[in-house]
Amino acid sequence: MNGVGFGERVRRLARHEGRWLVSLVWWVARRRIGVPAGARALPYAGAQAAMVYGLAFVFTVETVGMSLMLRDHPGLHAVTLVADVYTVLMLLGGQAAAVTRPHVVGADAVVVRGGVRMAVRIPLERIASARYDLRFERSAREGGGKAEGVLELAVGGQTSVTLELTEPVVAVRLLGQRERVRTVRFHADDARGAVAAVHGAVAAARSAAGQPDAHGEPVAPR
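Residues numbered from 1 in each chain as written. Predicted model: local features only at pLDDT ≥ 70, side-chain atom pairs only at ≥ 80, totals over all residues. Heavy atoms only, no water.

What follows is about the overall build of the chain. Along the backbone of the chain there are five helices and eight strands. In sequence order, the secondary structure elements of the chain are arranged as α-β-α-α-β-β-β-β-α-β-β-β-α. Residues counted as buried form 36% of the 222 residues belonging to the chain. When contacts within the chain are restricted to residue pairs at least 6 apart in sequence, those whose partners lie at least 24 apart make up 67%. For the chain, the accessible surface area stands at approximately 12700 Å², while carbon and sulfur atoms represent 59% of it. (Helix = DSSP H or I, 4+ residues; strand = E, 2+ residues; numbered from the N terminus. Buried < 20%, exposed > 50% of the residue type's maximum accessible area, 1.4 Å probe, protein only. Contact = heavy atoms within 4.5 Å. Areas by Shrake-Rupley, 256 points an atom, 1.4 Å probe, with all protein chains shown as cover.)

See below:
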């Protein structure tokens, strides 16, 4: 993991804020970001939707209540109103970022994303295996903490797909920390469909390259 200067961290946080704000616009427009023609999008926001909408409702009710309580204190009321509205927008912005930035299975790579916090590009030729693998955060804690070389992008406290790689890829976190990972775990709303999509893309890439299939026989190029 490399060191990142204070100024770079501030810039990254500012970009992060801007991206989730833009995601709200894309969400309203029902558009997705970074899904090229011919690629398959793998949504993952469903697992956290109920929690996000529930919290947004609670904070909205709190905003109304605080406005009534502080109506005779205009200065404090204004500060509290701004903070409460920003909190609701931040919650919805996080959900919007997850909806508009799904995982993507393309012709040459799988892009695994965590909203606007992270996007990891994994070339298809580096994927050794993909499997359905439902895991919860409690299971990870009981297993002794974070394993080296493993990236987990949990949604709603769970991951459901595991990719094992033949070579590591570099994952860059929100504040710029870089780490090399050979196992990537992420959630997809249709986890088994996501695994099938990855298998199909890897098989197609190997066929096009004339590489051996799973049985060790060379596949003729298309």
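Glancing now at the packing of helix H2 (residues 46-69) against helix H3 (residues 74-100). In the contact formed by H2 and H3, the axes pass within 10 Å of each other and the chain directions differ by 170 degrees. Between H2 and H3, the angle is such that the two are roughly antiparallel. Between H2 and H3 lies a crossing of left-handed hand. Together, Gln48, Ala49, Val52, Tyr53, Leu55, Ala56, Phe59, Thr60, Glu62, Thr63, Met66 and Ser67 of H2 and His77, Thr80, Leu81, Asp84, Thr87, Val88, Leu91, Leu92, Gly94, Gln95 and Ala98 of H3 make up the contact between the two elements. (Axes fitted to C-alpha atoms, helices over the stretch in contact; angles between N-to-C directions. Parallel < 35°, antiparallel > 145°, perpendicular 65-115°, else oblique. Left-handed = near helix turned anticlockwise from the far one by under 90°.)

This part covers the packing of aromatic side chains. One pass over the structure, following the stated rule, counts one aromatic pair. Its end group placed over the ring of Tyr132, Arg192 keeps NZ or CZ at 4.0 Å from the ring centre. (Phe/Tyr/Trp six-rings, centres within 6.5 Å; stacked < 30°, edge-to-face > 60°. Lys NZ or Arg CZ within 6 Å of the ring centre and 35° of its normal.)

The quantities given are spatial measurements derived from coordinates; they are silent on function.
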